[in-house]
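Below, each chain spelled out in residue letters.
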Amino acid sequence: EADIYQTPRYLVIGTGKKITLECSQTMGHDKMYWYQQDPGMELHLIHYSYGVNSTEKGDLSSESTVSRIRTEHFPLTLESARPSHTSQYLCASSEPGQRAFFGQGTRLTVV
Amino acid sequence: GESVGLHLPTLSVQEGDNSIINCAYSNSASDYFIWYKQESGKGPQFIIDIRSNMDKRQGQRVTVLLNKTVKHLSLQIAATQPGDSAVYFCAENIHRGGSYIPTFGRGTSLIVHP
């Protein structure tokens, strides 16, 4: 069982609101990732981090931002949510060159 | 049953059959590949992995085959059970910015009929 946690599991929010999706892992992994996934579709990398104070943009352009102030914590923020942001957001972590461990995901709906 | 993950997103099999899920990867320099299983409402879970210095690796009821010549990966599930119903993703670690990042293919939905 992976020690990586995402909160909230489900979130319904109005357009224009600021939201932060939380992701924490207790495995001491340096590398962390955020993926976006629409139902029945592939996972698209939107952000990743090599370690504290490191953040990089992924393959899929995203209006979200991330921060990595502590090894175990990799939150994702949307300053102004829009219906186009409705999706599932998956957080993962790994050791370098090893398999990724995933959280349960946050299903976001923007109305 | 057999599927090509990128071109046939759904594979339906009968309980007890063997299932084969295929995946074409993109980068000939990739040296690590992982199969994940994702059940509805959950995050992907690790099934089995293989490094590029191997052609085959076996786990419990699962086998992964790697053909580097044609950049092809397959997952074989023996005696498929209803609990195997899920979406299966292959992932390759692609080198970027001095490190390796897991990059996922489209996925195949496996449906097991009792």
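Our subject in this report is the structure included herewith. (Residues numbered from 1 in each chain as written. Chains lettered and ligands numbered in written order. Predicted model: local features only at pLDDT ≥ 70, side-chain atom pairs only at ≥ 80, totals over all residues. Heavy atoms only, no water.)

## Here we look at the pattern of salt bridges
Okay, step 1: Using the criterion set out here, one finds 7 salt bridges over all chains in the structure.
Okay, step 2: A salt bridge links E63 of chain A to R82 of chain A; the shortest N-O distance between them is 2.6 Å. Of this pair, E63 of chain A sits in the loop between β6 (56-57) and β7 (65-66) while R82 of chain A sits in the loop between β8 (76-78) and β9 (87-94), and the two are 19 residues apart along the sequence.
Okay, step 3: E63 of chain A gets classed as partly exposed once you look at its relative accessible area, which sits at 46%.
Okay, step 4: By relative accessible area, R82 of chain A is classed as partly exposed at 38%.
Okay, step 5: A salt bridge links R57 of chain B to D49 of chain B; the nearest nitrogen and oxygen atoms lie 2.3 Å apart.
Okay, step 6: Taking relative accessible area as the criterion, R57 of chain B reaches 35% and is therefore assigned partly exposed.
Okay, step 7: Of the residues examined, D49 of chain B reaches a relative accessible area of 12% and is grouped as buried. (Salt bridge = Lys/Arg side-chain N within 4 Å of Asp/Glu carboxyl O. Helix = DSSP H or I, 4+ residues; strand = E, 2+ residues; numbered from the N terminus. Buried < 20%, exposed > 50% of the residue type's maximum accessible area, 1.4 Å probe, protein only.)

## Some details on the nonpolar core
Nonpolar side chains tend toward joint burial in soluble globular proteins.
Okay, step 1: The biggest cluster of nonpolar side chains holds 20 residues, and the ones touching the most others in it are I21, W35, L73, L75, Y88 and L110 of chain B.
Okay, step 2: Put simply, the parts of the chain that give this core at least two residues each are β2 (10-14), β3 (19-24), β4 (32-38), β5 (45-51), β7 (62-67), β8 (72-77), β9 (86-96) and β11 (108-113) of chain B.
Okay, step 3: Setting aside residues no more than four positions away along its own chain, L110 of chain B makes contact with L11, V13, S19, I21, I77, T80, D84, S85, A86 and Y88 of chain B.
Okay, step 4: Counting residues in hydrophobic clusters, the runner-up holds 18 residues, among them I4, V66, A81 and C91 of chain A. (Core = buried A, V, L, I, M, F, W, Y, C linked by side-chain atoms within 4.5 Å. Contact = heavy atoms within 4.5 Å.)

## With respect to the interface of chain A and chain B
Interfaces are often sized by the accessible area lost when the parts come together.
Okay, step 1: Contacts between chain A and chain B engage 23 residues on the former and 22 residues on the latter.
Okay, step 2: Summed over both partners, the interface of chain A with chain B buries about 1,900 Å², with 48% contributed by carbon and sulfur atoms.
Okay, step 3: Across the contact surface, chain A and chain B share 0 salt bridges.
Okay, step 4: Seen at the junction of chain A and chain B, the total is 8 residue pairs in polar contact (both at pLDDT 80 or more).
Okay, step 5: Of all elements in the fold, only β4 (31-37), β5 (43-49) and β9 of chain A reach the threshold of two or more residues within the side of chain A that touches chain B.
Okay, step 6: With 4 residues, the top contributor of residues to the side of chain A that touches chain B is β4 of chain A.
Okay, step 7: Residues that form the side of chain A that touches chain B fall into these classes: 10 nonpolar, 7 polar and 6 charged. (Buried area = accessible area lost by both parts, 1.4 Å probe. Polar contact = N/O pair within 3.5 Å; in protein donor to acceptor, adjacent residues only side chain to side chain. Nonpolar A, V, L, I, M, F, W, Y, C, P; charged D, E, K, R; others polar.)

## Focus on the sheet that holds strand β1 (residues 4-7) of chain A
Residues and elements named next belong to chain A.
Okay, step 1: What the 4 strands build is an open sheet, ordered β1-β3-β8-β7; its pairing is antiparallel. Two strands bound the open sheet, and with one partner strand each, they are β1 and β7.
Okay, step 2: In the sheet, β1 pairs with strand β3 (residues 19-25) via 4 bridges, with the strands oriented antiparallel. Looking across to β3, one finds that Q6 is bridged to C23. (Pairing = 2+ DSSP bridges.)

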